[in-house]
Amino acid sequence: LPLPHDDPEASAVRCLNSFAWDLERHGHETMNFSVFEHFPLTDGTIFGLGGRRLPPRGRAHTFAAAFRHFEKTGGKVVVELGTTRSFVDGAYEGCNAGCFDGGCTPEEVERWWRPDDPSFWDWGAGTFGRLAALCLGHLAEDQHQVDYAEAHILRAQAMNSDMPHVMYHHSMSEDFLENFQGKIDLLYLDTGDVSPIEPTAILHQKEA
């Protein structure tokens with residue numbers, strides 16, 4: 001799938017790029033979130049603009065490809081398995097703070113969630129749900145966020161409180177998939193932990 005070099009008017013990807021520009025403006029390189037530096041050929045090889053062979057630059061490429069495909073194929077339903085762990089990046093005070101199981105106070109949300117400053121967002125802990133809500137909300141009729149941890153669901157709800165099309169499911173991911181009725185146009189898999197890896201691998205097998 002092409003990146004924005006071929007179609008700069010693609011609204012979903014243009015929305016995504018706005019976050020890339022904002023992160024670069026703040027000097028935030030945690031996710032290497034730039035979709036302009038490289039472009040993929042049809043065989044998946046990545047070359048720099050000067051023709052140098054380069055590795056992919058992280059999630060920006062896959063996000064852009066997925067959003068472009070969703071837009072061009074008339075996608076309507078987004079499902080995210082595994083929501084958000086934290087309002088802010090681990091480099092800042094407040095990582096994994098606020099909205100623990102049992103409740104989420106307005107004071108906690110106001111203290112830790114900065115919706116207008118993406119440089120503070122935890123790009124490694126569930127920002128996809130917010131990006132999808134913002135950049136695909138003009139297309140998606142339904143967006144489902146699924147997590148077995150209540151605290152993660154509470155944080156996701158706080159982050160997308162201005163997005164009425166987003167629904168939340170306190171559930172195991174494999175149970176949600178087994179019982180879901182309908183077609184999923186974009187499925188984002190973000191369940192489990194990096195360490196220990198074996199339980200996560202088993203979970204991913206079940207999801208598949």
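Above this text sits the structure in question.
Since the model is a prediction, treat every value here as computed from it, not as a measurement.

Visitor: Before we move on, could you go through the nonpolar core and cite the residues and values that matter?
Guide: Formed by 30 residues in total, the largest nonpolar core has its most connected members in Phe67, Val78, Phe87, Phe128 and Leu136. Listing elements by their share of this core, those giving two or more residues are helix 1 (11–25), helix 2 (59–72), helix 3 (106–112), helix 4 (128–135), helix 5 (150–159) and strand 6 (186–189). Ranked by the residues each element gives to this core, the list is headed by helix 1, at five residues. When near neighbours in sequence (up to four residues on either side) are disregarded, Phe128 contacts Phe63, Phe67, Val78, Glu80, Leu186 and Tyr188.

Visitor: Account for the side chain of His144, with residues named and values stated.
Guide: Mapping His144 onto the fold places it in strand 4 (residues 142–147). Classification of His144 by relative accessible area gives buried; the value is 7%. One polar contact links His144 to His169, side chain to side chain, over a distance of 2.8 Å. Those residues within four positions of His144 in sequence are excluded, and the remaining contacts are Val77, Val78, Val79, Glu80, Met167, His169, Phe176 and Phe180.

Visitor: Please give an account of the side chain of Asp147 that cites residues and values.
Guide: On the secondary structure map, Asp147 appears in strand 4. Arg85 provides the closest opposite charge to the buried, salt-bridge-free Asp147, at an N-O distance of 6.9 Å. Reaching out from Asp147, the side chain makes a polar contact with the side chain of His152 at a distance of 3.3 Å. Apart from the residues within four sequence positions on either side, Asp147 is in contact with Gly82, Thr83, His152, Ile153, His169, His170 and Ser171.

Visitor: An account of the environment of Trp112 is requested, with residue identities and associated values reported.
Guide: Following the sequence through the fold, Trp112 ends up in helix 3. For Trp112, a relative accessible area of 11% gives the class buried. Each C-alpha atom, one on Trp112 and one on Val88, is 6.8 Å from the other, the two residues being 24 residues apart in sequence. If sequence neighbours within four positions are ignored, Trp112 has contacts with Phe87, Val88, Glu93, Gly94, Ala97 and Gly98.

Visitor: Could you give an account of the sheet that holds strand 4, with specific residues and numbers?
Guide: On the basis of which strands lie adjacent, the open sheet formed by four strands has the order 5-4-3-6 and parallel pairing. Taken across any chain shown, the strands that pair with only one partner, and hence form the sheet edges, are strand 5 (166–170) and strand 6. Pairwise comparison of adjacent strand axes, ignoring direction, gives a mean angle of 15 degrees for this sheet. In this structure, strand 4 lies alongside strand 5, joined through five bridges in parallel fashion. Pairing of Gln145 across the sheet is with Tyr168, part of strand 5. Against the sheet, helix 5 makes contact with strand 4 and strand 5, and its axis sits at roughly 170 degrees relative to strand 5, the strand it touches most.

Visitor: Kindly report on the packing of aromatic side chains, identifying the contributing residues and their values.
Guide: Tallied over the full model, the rule gives nine aromatic pairs. Pairing Phe63 with Tyr188 gives two aromatic rings, centres 5.8 Å apart and planes at 75 degrees, and the pair type is edge-to-face. Here Tyr188 lies in strand 6 and Phe63 lies in helix 2, a separation of 125 residues in the sequence. In this structure Tyr188 comes out as buried when scored by relative accessible area, which is 16%. With a centroid separation of 3.9 Å and 10 degrees between ring planes, the pair formed by Phe128 and Tyr188 is classed as stacked. One end of the pair, Phe128, is in helix 4; the other, Tyr188, is in strand 6, with 60 residues separating them in the sequence. Here Phe128 and Tyr188 have matching classes, each one buried. Linked through ring pairs, Phe63, Phe67, Phe128 and Tyr188 together constitute an aromatic cluster. Between Arg114 and the ring centre of Phe120, over which it is positioned, the NZ or CZ distance is 3.7 Å.

Cut-offs applied
Residues numbered from 1 in each chain as written. Predicted model: local features only at pLDDT ≥ 70, side-chain atom pairs only at ≥ 80, totals over all residues. Heavy atoms only, no water. Core = buried A, V, L, I, M, F, W, Y, C linked by side-chain atoms within 4.5 Å. Buried < 20%, exposed > 50% of the residue type's maximum accessible area, 1.4 Å probe, protein only. Helix = DSSP H or I, 4+ residues; strand = E, 2+ residues; numbered from the N terminus. Contact = heavy atoms within 4.5 Å. Polar contact = N/O pair within 3.5 Å; in protein donor to acceptor, adjacent residues only side chain to side chain. Lys, Arg positive; Asp, Glu negative; His and termini not counted. Salt bridge = Lys/Arg side-chain N within 4 Å of Asp/Glu carboxyl O. Pairing = 2+ DSSP bridges. Axes fitted to C-alpha atoms, helices over the stretch in contact; angles between N-to-C directions. Phe/Tyr/Trp six-rings, centres within 6.5 Å; stacked < 30°, edge-to-face > 60°. Lys NZ or Arg CZ within 6 Å of the ring centre and 35° of its normal.

Take it as geometry only, folks, not as evidence of what the structure does.
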